[in-house]
Amino acid sequence: MEEAEITRRRNILSPLLGKSLPELTEWVQEQGQPAYRGKQLYQWLYQKGARSLSEITVFPKQWRENLQDQPIGRSTIAHRSIAPDETRKYLLRLHDSELIETVGIPTAKRLTVCVSSQVGCPMSCDFCATGKGGFTRNLQAHEIVDQVMTVAEDFQQRVSHVVFMGMGEPLLNLEEVIKAVKSLNQDIGIGQRNLTVSTVGIPKTIPKLAAEKLQITLAISLHASNQVLREQLIPSGGGYPLLQLIADCRDYVEKTHRRISFEYILLAGVNDTPNHAQELAQLLRGFQTHVNLIPYNPISEVDYQRPDKNRIEAFQTALQDANIAVSIRYSRGLEADAACGQLRAKQNS
Ligand SMILES: C[S@@+](CC[C@H](N)C(=O)[O-])C[C@H]1O[C@@H](n2cnc3c(N)ncnc32)[C@H](O)[C@@H]1O
Ligand code: SF4
């Protein structure tokens, strides 16, 4: 078969989910169908959540039969666990049988989905279950959008917020993450300000993200107040000095006019002393920002401890005294191993 023909077939057989309305219109026209079928396909994919083309009864029967092999790009739920606080953790099976985890977090007025951006993660952060499990592959944009649709269907509720805080490092998969952000905004209707991308920091990617001028929230997983400690917790930190990371963040704020928030995991006796708080305040001086303190969620591979409540509050007060906006974020779903850093894509509950 000629290369052009192979490419044409690959395009035709690429999953439909994640494609925009103009792309779907082009796709139906390539199939010899009138342009209005593109709008129908768009509605069935994103609003009715069709899982196969055979469900789309407005399409001519013969055409549907011809399209049997066309993938839509939906995953299946391999397992679901529900924590006492109503947080739901899903183990999703992808088209190639790889498994990822996604979390749905309901609160009074919101439904937040914590999505994965990779199968596993290559960053090997010392405190994170995903990092301990190694890396398999990047997710494609439609596989990220699918996670949000799956949770919305399961809760039978509109998703209001999405956080890229599941498995994987989003900025290692920047192109697909940007495509997914745009699709979640334009096709699913979630405001960009309600989309949060969390990153440990990958050299040269923050300026690229800034150039997109998106209105998303960027969260930086800092976790340490000095370079030595950061490299101890985040091995990749050696290749991206803290001062360069902070400088890139300042440029990002200037270009996008969006505030950045910093995540700081609290590990007893490791990074939670008053000196660490002062050092952190110094590092972030003059920065219009918000710090989220995340008390450590236990994983079996390492023996870090969560600091006690007094210690956590003392750290918070020290930052507040330095005029830094700060909150303590107790993760939801701890009892179902669905909390930040506990995702490992195994059926363990
Ligand atoms: C799992 S990561 C995924 C997003 C991205 N890779 C990152 O590191 O920001 C999401 C958040 O969970 C935090 N996290 C990882 N392991 C944790 C643990 N054991 N306890 C609490 N938070 C943890 C990370 O530091 C990060 O702020
Ligand atoms: S904390 Fe984030 S970057 Fe680090 S290993 Fe876990 S998922 Fe990867």
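Residues numbered from 1 in each chain as written. Chains lettered and ligands numbered in written order. Predicted model: local features only at pLDDT ≥ 70, side-chain atom pairs only at ≥ 80, totals over all residues. Heavy atoms only, no water.

- For the chain, the name recorded in an unreviewed UniProt entry is Probable dual-specificity RNA methyltransferase RlmN, with Euhalothece natronophila Z-M001 as its organism.
- Looking at the chain in UniProt, the text filed under Subcellular location (unreviewed entry) is "Cytoplasm". (UniProt positions renumbered as here; feature names shortened; annotations may be inferred.)

### Some remarks on the overall build of the chain
Point 1. If you tally the helices and strands in the chain, you get 12 helices and 12 strands.
Point 2. Its C-alpha atoms give the chain a radius of gyration of 22 Å, near enough to 20 Å, the size a compact globule of 349 residues would have.
Point 3. Considered along the principal axes of its C-alpha atoms, the chain spans approximately 70 × 45 × 40 Å.
Point 4. Out of the 349 residues belonging to the chain, those deemed buried represent 53%.
Point 5. In the chain, once contacts between residues fewer than 6 apart in sequence are set aside, the share between residues at least 24 apart is 65%.
Point 6. Total accessible area computed for the chain in this model is approximately 16,100 Å², and 48% of it derives from carbon and sulfur atoms.
Point 7. Of the charged side chains in the chain, 39 are positive and 38 negative; the average position of the first set lies 5 Å away from that of the second. (Helix = DSSP H or I, 4+ residues; strand = E, 2+ residues; numbered from the N terminus. Rg over C-alpha atoms; globule rule 2.2 N^0.38 Å. Buried < 20%, exposed > 50% of the residue type's maximum accessible area, 1.4 Å probe, protein only. Contact = heavy atoms within 4.5 Å. Areas by Shrake-Rupley, 256 points an atom, 1.4 Å probe, with all protein chains shown as cover. Lys, Arg positive; Asp, Glu negative; His and termini not counted. Charge placed at Lys NZ, Arg CZ, Asp CG, Glu CD.)

### Some thoughts on the site of ligand 2
Point 1. The full set of residues close to ligand 2 is Cys121, Met123, Ser124, Cys125, Cys128, Gly131, Gly168, Glu169 and Val200.
Point 2. For the shell around ligand 2, the residue count by class is 5 nonpolar, 3 polar and 1 charged. (Near = heavy atom within 4 Å. Nonpolar A, V, L, I, M, F, W, Y, C, P; charged D, E, K, R; others polar.)

### Brief notes about helix H10 (residues 242-256)
Point 1. Between its terminal C-alpha atoms H10 stretches 21 Å, which fits the 21 Å expected from 15 residues at 1.5 Å a residue.
Point 2. Among the residues of H10, Leu242, Leu245, Ile246, Asp248, Cys249, Tyr252 and Thr256 are the ones counted as buried. Seen from one end, H10 has its buried residues packed into an arc of 160°, which puts them on one side. Among the exposed residues of H10, those pointing more than 90 degrees away from its buried face are Leu243 and Glu254.
Point 3. The inward-facing, buried residues of H10 abut helix H8 (205-211), strand S9 (217-221), helix H9 (227-233), strand S10 (260-266) and helix H11 (274-283).
Point 4. Backbone geometry just downstream of H10 places His257 in the positive-phi region, at approximately 60°. (Expected span 1.5 Å × (residues − 1). Arc of directions from axis to C-beta.)

### Here's the deal with the sheet that holds strand S2 (residues 88-93)
Point 1. Taken in spatial order, the 10 strands of this open sheet run S1-S2-S3-S4-S7-S8-S9-S10-S11-S12, and their pairing is mixed. Strand pairing shows two members of the sheet lacking a second neighbour, strand S1 (76-82) and strand S12 (325-328), which therefore form its edges. Looking at each pair of strands side by side, their axes are set apart by 20° on average, direction ignored.
Point 2. Looking at chain direction, strand S7 (residues 161-164) and strand S8 (residues 195-199) are connected through 3 bridges and run parallel. (Pairing = 2+ DSSP bridges. Axes fitted to C-alpha atoms, helices over the stretch in contact; angles between N-to-C directions.)

### Comments concerning the UniProt feature "binding site: [4Fe-4S] cluster" (unreviewed entry) in the chain
Point 1. Annotation from UniProt places "binding site: [4Fe-4S] cluster" (unreviewed entry) at Cys121, Cys125 and Cys128.
Point 2. Within the element layout of this structure, Cys125 appears in the loop between strand S5 (118-120) and helix H5 (129-132).
Point 3. Classification of Cys125 by relative accessible area gives buried; the value is 10%.
Point 4. The contacts of Cys125, once residues within four sequence positions are left out, are Gly131, Lys132, Val200, Leu233, Ile234 and Pro235.
Point 5. With respect to the helices, strands and loops of the structure, Cys128 is situated in the loop between S5 and H5.
Point 6. Given the relative accessible area of 17%, Cys128 is considered buried.
Point 7. In this structure, Cys128 is in contact with Ile299 and Gly341, ignoring residues within four places of it in sequence.

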